[in-house]
Amino acid sequence: MASSSSSAITTEELTLTVKWSGKEYTVRVCGDDSIAELKRRISEVTNVLPKRQKLLYPKVGSKLSHDATLLSQLPLKASLKMTMIGTVEDDLLIDPVESPEILDDFELGQEEVIDIKDKDVNKQKLRRRVEQYKIETRNPCRKGKKLLVLDIDYTLFDHRSTAENPLELMRPYLHEFLTAAYAEYDIMIWSATNMKWVELKMAQLGVLDNTNYKITALLDHLAMITVQSDTRGVFDCKPLGLIWAKFPEFYSSKNTIMFDDLRRNFVMNPQNGLTIRPFKKAHANRSNDQELMKLTQYLLAIAELDDISKLDHKHWEYYTENGSKRRRHA
Ligand SMILES: [Mg+2]
């Protein structure tokens, strides 16, 4: 928990020198970033995955192994160098088993969500992320389309089960869903893993070269920000404001919806998130999971609204069951 005395330095930028494998790298962080965030920055310049990094720093000891520790809680000095020990993952077929996504989801109170989203420190983190992160468009944004942002793990794919062919772990109706959604929505995929894995997984599932729809962009863990809540400590989330800032002429809070199995990923934009039922145990559930088919109906039903952020996506199933007509003006 940040004390008021440390708040003065929380937004201050720090430039750290990290030694790894005989070379030195410079990373820019700030006091209210967590160790997890620092590791992502290091990953960006070294390609060593955060989970493979061990960090060493004079007189700090084990605090560096706790991802939730805030940098402002450590006696970091620009004059001292950090050492990282870790190996680049050459094998692209990494199962992100240790990714933070496997943690159970948790509910934050309504007030806490509002608090996190409105905090200046988090807005500032978002601004920095907008400056740092580049979104490569694979296909042009289309005027007049809404935006659908999709998580991968447990949303489109069961990354925890094993199979000889990854297609066995794909959520049923994925291509039908994307094809139908594409008529009204541009599609971006945002996963809390690294870009190599995102590209590999999407290519394996046939999402990147499908003739019936196109993916506008892929985003990875480096696009996320770390926020702090009073009750749940430090965690990462996916701020849609990053996309809105990059493509202001196309996307906004009014026309964007994100599907993710972890509600906390929406904390910076709670009105734009729909918590999807996780797709787990693919072998057992493959024959009866209808989530994407049902969500297709919802997406198409709300596509005609000017502002979909006014809806409460928690009740998406009632929306389609009761027919959109009655609720449209609610
Ligand atoms: Mg997920």
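Basis of the calculations
Residues numbered from 1 in each chain as written. Predicted model: local features only at pLDDT ≥ 70, side-chain atom pairs only at ≥ 80, totals over all residues. Helix = DSSP H or I, 4+ residues; strand = E, 2+ residues; numbered from the N terminus. Contact = placed C-beta atoms within 7 Å. Buried ≥ 20, exposed ≤ 12 C-beta atoms within 10 Å, placed from the backbone. Pairing = 2+ DSSP bridges. Core = buried A, V, L, I, M, F, W, Y, C linked by C-beta atoms within 7 Å. Domains from an automatic or database assignment. Axes fitted to C-alpha atoms, helices over the stretch in contact; angles between N-to-C directions. Arc of directions from axis to C-beta. pLDDT = per-residue confidence, 0-100. Parallel < 35°, antiparallel > 145°, perpendicular 65-115°, else oblique. Nonpolar A, V, L, I, M, F, W, Y, C, P; charged D, E, K, R; others polar. Expected span 1.5 Å × (residues − 1).

What to know about the overall build of the chain
Broken down by element type, the chain carries ten helices and eleven strands. In the chain, the share of contacts with a sequence separation of at least 24, taken over all contacts with a separation of at least 6, comes to 69%.

Observations concerning the pairing of strand β6 (residues 185-190)
Here β6 lies mainly inside the structure; six of its six residues are buried. Burial of the side chains of β6 extends over both faces: Y185, I187 and I189 are buried on one face and D186, M188 and W190 on the other. Across five bridges, strand β5 (residues 146-150) lies against β6 in parallel orientation. Bridged to L147 within β6 is D186. Across three bridges, the pairing between β6 and strand β7 (residues 217-219) is parallel. Bridge pairing in β7 links M188 to A217.

Description of the nonpolar core
Core analysis: the biggest nonpolar cluster contains 72 residues, and L148, V149, A181, I187, M188 and I189 have the highest contact counts within it. No fewer than three residues from each of domain 1 (7-85) and domain 2 (100-327) sit in this core. Here A181 is in contact with L148, I187, T296 and L299, once residues within four sequence places are set aside.

Details of the sheet that holds strand β3 (residues 54-56)
What the four strands build is an open sheet, ordered β2-β1-β4-β3; its pairing is mixed. The strands lining the two open edges of the sheet, one partner per strand, are β2 (23-30) and β3. Averaged over all adjacent pairs, the angle separating strand axes in this sheet is 35 degrees, with direction ignored. Sheet analysis places β3 next to strand β4 (residues 81-85), joined by three bridges and oriented antiparallel. Looking at β4, one finds that L55 is bridged to M84. Across the sheet, helix α1 (residues 35-46) is in contact with β1 (13-20), β2 and β4; its angle to β2 comes to roughly 140 degrees.

Describing the sheet that holds β5
Strand order in this open sheet of five strands is β7-β6-β5-β10-β11, and the pairing throughout is parallel. Since the sheet does not close on itself, it has two edges, and those belong to β7 and β11 (273-275), each with one partner. Neighbour-to-neighbour, the strand axes of the sheet open up by a mean angle of 25 degrees, direction not taken into account. Helix α4 (residues 174-182) contacts β5 and β6 of the sheet and is inclined by roughly 135 degrees relative to β6.

Quick word on helix α5 (residues 195-204)
Considered for burial, the residues of α5 that qualify are W197, K201 and M202. Mapping the buried residues of α5 onto a view down its axis gives an arc of 120 degrees, with all of them on the same face. Buried residues along α5 sit in contact with β6 and β7. Looking at the residues trailing α5, positive phi occurs at G206, about 80 degrees.

Regarding the environment of L295
Looking at the secondary structure, you find L295 in helix α8 (residues 291-302). In this structure, the C-alpha to C-alpha distance between L295 and L274, residues 21 residues apart in sequence, is 9.9 Å.

Some words on unusual backbone geometry
If you check the backbone angles, Y154 has positive phi at about 70 degrees while not being a glycine. If you trace the backbone, Y154 turns up in the loop between β5 and α4. Its identity as a non-glycine residue notwithstanding, Y173 has a phi of 70 degrees, on the positive side. Along the polypeptide, Y173 turns up in the loop between β5 and α4.

Quick look at the confidence of the model for the chain
Considering every residue of the chain, the mean pLDDT works out to 87; 89% of them sit at 70 or more. Contacts from residues 1-9, a stretch scored under 50 in pLDDT, to residues over four places away or in other chains number eight contacts. When the criterion is pLDDT under 50, residues 91-102 qualifies, and its contacts beyond four places in sequence or with other chains add up to 16 contacts.

Observations regarding the packing of α4 against α8
One can describe the packing of α4 onto α8 by two numbers: an axis separation of 9 Å at closest approach and a directional angle of 5 degrees. One way to sum up the angle between α4 and α8 is to call them roughly parallel. For the pair α4 and α8, the contacting residues are L174, F177, A180 and A181 in the first and L292, M293, L295, T296, L299 and L300 in the second. For the contact of α4 with α8, the residue count by class is nine nonpolar, one polar and no charged.

With respect to the environment of Q132
On the secondary structure map, Q132 appears in helix α3 (residues 120-132). Judged by C-beta crowding, with 13 C-beta atoms within 10 Å, Q132 ranks as partly exposed. Spatially, the C-alpha atom of Q132 lies 8.7 Å from that of A223, the residues being 91 residues apart in sequence.

With respect to α8
Look at α8: 17 Å from first C-alpha to last across twelve residues, which is about the 16 Å you get at 1.5 Å a residue. Among all positions in α8, only L292, L295, L299 and I302 are buried. Projected down its long axis, α8 carries its buried residues within an arc of 90 degrees, all on one side.

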